[in-house]
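# Fold and geometry: a report
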Amino acid sequence: MYDTIIIGAGVAGLTAAIYASRKRMNFELISSDFGGHLALTGELLNYPGVVKTTGLEFMSVLEEQARQNGVKVVNETVVKVERLASGFKVFTNKKQYESRTVIIASGSKPRKLDVPGEDRLAKKGVAYCSICDGPLFSGMEVAIIGGGNSALEAVEFMKDIASRIYLLVLEGKLSGHEVLQEKARANPKVEIIHNARAKEIVGDEFVSGVKYEEAGSQKKVDVKGVIIEVGLVPNTEVFKGLVELDEHGHIKIDCNGATDVPGVFAAGDCASGHEYQYVIAAGQGCMALLSAAKYLSKLKK
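Quick look at the structure, then.

## Description of the state of the cysteines
If you walk through the whole model with that rule in mind, you get 1 disulfide. Across the disulfide, Cys129 is cross-linked to Cys132 (sulfur-sulfur distance 2.4 Å). One disulfide, between Cys129 and Cys132, carries an S-S torsion of 70° and so falls in the right-handed class. On the accessibility criterion, Cys129 (8% relative accessible area) is buried. Considering cysteine sulfurs only, Cys286 is the nearest to Cys270, which forms no disulfide, with 16 Å between them. The buried category is assigned to Cys270, whose relative accessible area is 0%. Distance from the sulfur of Cys286, which forms no disulfide, to the nearest cysteine sulfur (Cys255) is 13 Å.

## Structural notes on the packing of helix α4 (residues 149–158) against helix α5 (residues 178–186)
Interhelical geometry of α4 versus α5 gives an angle of 45° and a closest axis separation of 9 Å. One finds that α4 runs oblique with respect to α5. Of the two elements, α4 crosses α5, and the hand of that crossing is left-handed. In contact with Asn149, Leu152, Glu153, Val155 and Glu156 of α4, α5 contributes Leu180, Gln181, Lys183 and Ala184.

## Looking at the sheet that holds strand β17 (residues 225–228)
On the basis of which strands lie adjacent, the open sheet formed by 5 strands has the order β10-β17-β11-β12-β13 and parallel pairing. Of all the strands in the sheet, just β10 (126–127) and β13 (190–193) have a single pairing partner and so form its edges. For β10 and β17, the ladder comprises 2 bridges, and the chain directions are parallel. The residue of β17 that forms the bridge with Val126 is Val226.

## Topic: the pattern of salt bridges
Counted according to the given criterion, the structure contains 13 salt bridges. Two residues, Glu156 and Lys159, come together in a salt bridge whose shortest N-O distance is 2.7 Å. Among the salt bridges present, the one from Lys252 reaches Glu244, with a minimum N-O distance of 3.1 Å. Since its relative accessible area comes to 38%, Glu244 is described here as partly exposed.

## Quick look at the packing of aromatic side chains
Across all of its chains, the model carries 3 aromatic pairs by this definition. With a centroid separation of 4.9 Å and an interplanar angle of 50°, the aromatic rings of Tyr47 and Phe58 are classed as tilted. Placement of the pair is Tyr47 in the loop between β3 (43–44) and β4 (53–54) and Phe58 in helix α2 (residues 55–68), with a sequence separation of 11 residues. A single burial state applies to Tyr47 and to Phe58, both of which are buried.

## Concerning the sheet that holds strand β14 (residues 196–203)
Reading across from one edge, β14-β15-β16 is the order of the 3 strands in this open sheet, with antiparallel pairing throughout. If you trace the sheet from one side to the other, it starts and ends with β14 and β16 (217–221), each paired once. Between one strand and the next, the sheet's axes are offset by a mean angle of 25°, whatever the strand orientation. Of the strand pairs in this sheet, strand β15 (residues 207–214) and β16 are connected by 5 bridges, and their pairing is antiparallel. Among the inter-strand pairings, Glu213 is bridged to a residue of β16, identified as Gln218.

## Quick word on the side chain of Glu28
As for its placement among the helices and strands, Glu28 is situated in strand β2 (residues 27–30). In contact with Glu28, not counting residues within four places along its chain, are Tyr2, Thr4, Ile5, Ile6 and Val74.

## With respect to helix α6 (residues 278–299)
Because each turn of an α-helix spans 3.6 residues, side chains separated by three or four positions end up pointing in the same direction. Relative to the 32 Å expected for 22 residues at 1.5 Å per residue, α6 spans 32 Å between its end C-alpha atoms, a close match to the ideal helical length. Tyr278, Ala281, Ala282, Gly285, Cys286, Ala288, Leu289, Ser291, Ala292, Ala293 and Leu296 are the residues of α6 that are buried. Next to the buried residues of α6 lie β1 (2–7), α1 (11–22), β3, β8 (96–104) and β19 (264–266).

Definitions and limits used
- Residues numbered from 1 in each chain as written.
- Predicted model: local features only at pLDDT ≥ 70, side-chain atom pairs only at ≥ 80, totals over all residues.
- Heavy atoms only, no water.
- Disulfide = S-S within 2.5 Å.
- Buried < 20%, exposed > 50% of the residue type's maximum accessible area, 1.4 Å probe, protein only.
- Axes fitted to C-alpha atoms, helices over the stretch in contact; angles between N-to-C directions.
- Helix = DSSP H or I, 4+ residues; strand = E, 2+ residues; numbered from the N terminus.
- Parallel < 35°, antiparallel > 145°, perpendicular 65-115°, else oblique.
- Left-handed = near helix turned anticlockwise from the far one by under 90°.
- Contact = heavy atoms within 4.5 Å.
- Pairing = 2+ DSSP bridges.
- Salt bridge = Lys/Arg side-chain N within 4 Å of Asp/Glu carboxyl O.
- Phe/Tyr/Trp six-rings, centres within 6.5 Å; stacked < 30°, edge-to-face > 60°.
- Expected span 1.5 Å × (residues − 1).

Pasting the structure below:
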């Protein structure tokens, strides 16, 4: 039986795994991918101690750090976790594992608009990642939907790719970092439309525009690409019934990363707190592992 099973190999999960390795714990790190949202991140300028990097560069550094600490990722998908008398059983799409503790760092996924045309035109002009799909819209007019950090980072990434950017903001004001707001407002290629509620993404074979409502009026922008950045949804469906979730589906944790189930801890985007920052994920991953280690030490007494 393992000391702990860590689910997810984003910043939170990798941090927990590095600490688990250095504490010489018997553990497994299980994830269907590596790096989480780092693979989708452009410039990274606010991680303490790192002046300037990109998501992919930072992921590469983490990968090397994990390798040097003997951390390996079991490339499987967790489908269920059950409580046992002496711990937990983790089921994946391939195997079963037993562990005394579990650390859930399953991350999040992009939130959909749920408007007509969104699913039909997915990968035909509708995108959820500017880093991945933005270059496809080179020299074209695009709409970016959202007003937080992710949307403003998408604007920053697309500024030298798109010919024009329409930023459709649901609220009356932007909510992302002030530095990013200033850059968006100062860019003549960017038109910010406040109180714009997207109603439909239109097009035949490919996207041709977005219909939206502004101050009670129906309007439309003609664009070739739509990048949707309206927040994230925690990847916690698998853990319903195991631990307590909040009204948004995040796993409820205390300041030590503990859930309502003894022996189960959570960290990063899947956990309560609703702040999606890499430095927070790293800190929570560290805390969850240290808390799991303390929990194990009490079991042995």
